[in-house]
Amino acid sequence: MIEKNVYKKWIFPVLAIFLLIAALLLWQYKKQETEYSIIQAIIEELPNYQSEIESWGYEVSILPKMTGEPDNAGLMRYYWKSVGPVLILENQDGGMYCFHVGFDQYISESTYIENMMLAPVSQYAEKEYEDVLKTVRLQICKRDIKREPLFENTADADAKDRYDVSVLIEITAESLVDGNEVSVFGGGFFETNYCSNNFEECRWWTGIDPASANNYSDQNIKQEYSAAQLLEYYRQGLELQSRLIELYHS
């Protein structure tokens, strides 16, 4: 009789804990499903929302699920992952905020004249500088395309989930004389992962020396964009996500 009472005493708290865990998992699943379904509903009925979104100062377009590579390198993400359609809001500067499972990524490209050091032919060659047409392509995207973006990342510093956003820049240069690509010091691809809370904490995991690779990419990225700028782009994407959800419900 005592054993039965002890069993009854513990079964309800244990059952309550399992039910709570199940409810939390279901809530998280529903949250993801809702963010995805809302974006898809807006895409399907875009004429009902387009004028309001355009009044925010954005040009609205839809990227369908692709069967071939896109012209914009920043959109290759959706071709590789075979996902779509994607809602795109483009601002007056040409920056694109992309939405799939909520806010997914921000893409921008800037071109301007800059005096850059040409890549030396040999280690003994003298340093040469030239005015070139420099282009910097920026891409800020969630590492997990199927997961909603985080408004606050609470993962531990040692966990991979702490570094939930990937930032990539591509730097190229063209001659002002003939338009041909010029090899310059500081050109190329630079990518690493950041914590979306601040874009200061960063980590890279692959390669022979991940720590050095992370520091090298972080330094080159921060020469073009400060942590505050990257955070501003990300926060703007989150704000637009909230406004889209609010617009849908209204």
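Because the structure is a prediction, the values reported are computed rather than measured.

**Overview of the pairing of strand β6 (residues 165–175)**
Thought 1: With eight of its 11 residues buried, β6 lies for the most part within the structure.
Thought 2: Here 11 bridges tie strand β5 (residues 129–142) to β6, and the two strands are oriented antiparallel to one another. When the bridges of β6 are listed, I140 appears paired with V167.
Thought 3: Alignment of β6 against strand β7 (residues 188–194), held across seven bridges, turns out to be antiparallel. Directly across from I169, in β7, lies its bridge partner F190.

**Quick notes on helix α5 (residues 227–249)**
Thought 1: The end-to-end C-alpha distance of α5 is 33 Å, a good match for the 33 Å that 23 residues give at a rise of 1.5 Å each.
Thought 2: Taken together, the buried positions of α5 are occupied by A227, L230, Y234, G237, L238, L240, Q241, L244 and L247.

**Observations regarding the nonpolar core**
Thought 1: In terms of nonpolar packing, the biggest core is built from 37 residues, with L87, F99, V167 and F199 touching the most fellow members.
Thought 2: Of all elements in the fold, only α1 (2–44), β2 (86–90), β3 (96–100), β4 (102–117), β5, β6, β7 and α5 reach the threshold of two or more residues within this core.
Thought 3: The element that contributes the greatest number of residues to this core is α5, accounting for seven residues.
Thought 4: With sequence-adjacent residues up to four places away left out, V167 is seen in contact with L138, Q139, I140, F190, E191, T192, Y194, F199, I221 and L230.
Thought 5: Counting 11 residues, the second-largest nonpolar core is a separate cluster that includes M66, V83, V86 and C98.

**Brief notes about the layout of surface pockets**
Thought 1: Empty space within the largest pocket amounts to approximately 380 Å³.
Thought 2: Looking at the lining of the largest pocket, the elements with two or more residues in it are α3 (76–81), β5, β6 and β7.
Thought 3: By volume, the second largest pocket is sized at about 160 Å³.
Thought 4: In terms of lining, the second largest pocket is formed by E114, N115, M116, M117, K134, I171, F185, G186, N220, Q223 and E224.
Thought 5: Taken together, the elements giving at least two residues each to the lining of the second largest pocket come down to β4 and α4 (210–224).

**Remarks on the packing of aromatic side chains**
Thought 1: Under the counting rule described, the total for this entry stands at 11 aromatic pairs.
Thought 2: Ring geometry for Y58 versus Y97: centroids 6.2 Å apart, planes at 85 degrees, classification edge-to-face. Separated by 39 residues along the polypeptide, Y58 in the loop between α2 (50–55) and β1 (59–63) and Y97 in strand β3 bring together distant segments of the chain. Accessibility classification places Y58 together with Y97 in one group, the buried group.
Thought 3: For the pair Y194 and F199, a centre-to-centre distance of 5.9 Å together with 35 degrees between the ring planes defines the contact as tilted.

**Regarding the environment of D161**
Thought 1: Structurally, the position occupied by D161 is in the loop between β5 and β6.
Thought 2: Taking the relative accessible area as the measure of exposure, D161 reaches 44% and is therefore partly exposed.
Thought 3: Non-local contacts of D161, meaning those with residues more than four positions away in its chain, are made with R147, N153 and A155.

**What to know about the pairing of β2**
Thought 1: Taken across its five residues, β2 has four buried, putting it largely inside the fold.
Thought 2: Note that β1 and β2 share five bridges and pair antiparallel. Counted as the bridge partner of S61 is I88 from β2.
Thought 3: Bridge count for β2 against β3 is four bridges, and the pairing is antiparallel. Of the residues in β3, the one forming a bridge with E90 is M96.
Thought 4: Counting the residues between successive antiparallel strands, the hairpin from β2 to β3 contains five residues, one of them, G94, with a positive phi of roughly 90 degrees.

**Side note on unusual backbone geometry**
Thought 1: Look at the link from G84 to P85: it is a cis peptide, with omega at 0 degrees.
Thought 2: Mapped onto the elements, P85 comes out in the loop between α3 and β2.
Thought 3: If you check the backbone angles, S82 has positive phi at about 55 degrees while not being a glycine.
Thought 4: Residue placement: S82 occurs in the loop between α3 and β2.
Thought 5: Phi at F199 takes a positive value of approximately 60 degrees, unusual for a residue other than glycine.

Calculation criteria
Residues numbered from 1 in each chain as written. Predicted model: local features only at pLDDT ≥ 70, side-chain atom pairs only at ≥ 80, totals over all residues. Heavy atoms only, no water. Buried < 20%, exposed > 50% of the residue type's maximum accessible area, 1.4 Å probe, protein only. Helix = DSSP H or I, 4+ residues; strand = E, 2+ residues; numbered from the N terminus. Pairing = 2+ DSSP bridges. Expected span 1.5 Å × (residues − 1). Core = buried A, V, L, I, M, F, W, Y, C linked by side-chain atoms within 4.5 Å. Contact = heavy atoms within 4.5 Å. 1 Å grid on protein atoms, 1.4 Å probe; cavity = no way out; pocket = protein on both sides within 12 Å on 5 of 7 lines; lining within 4 Å. Points joined across faces, edges and corners; volume = space filled by probe spheres on them. Phe/Tyr/Trp six-rings, centres within 6.5 Å; stacked < 30°, edge-to-face > 60°.

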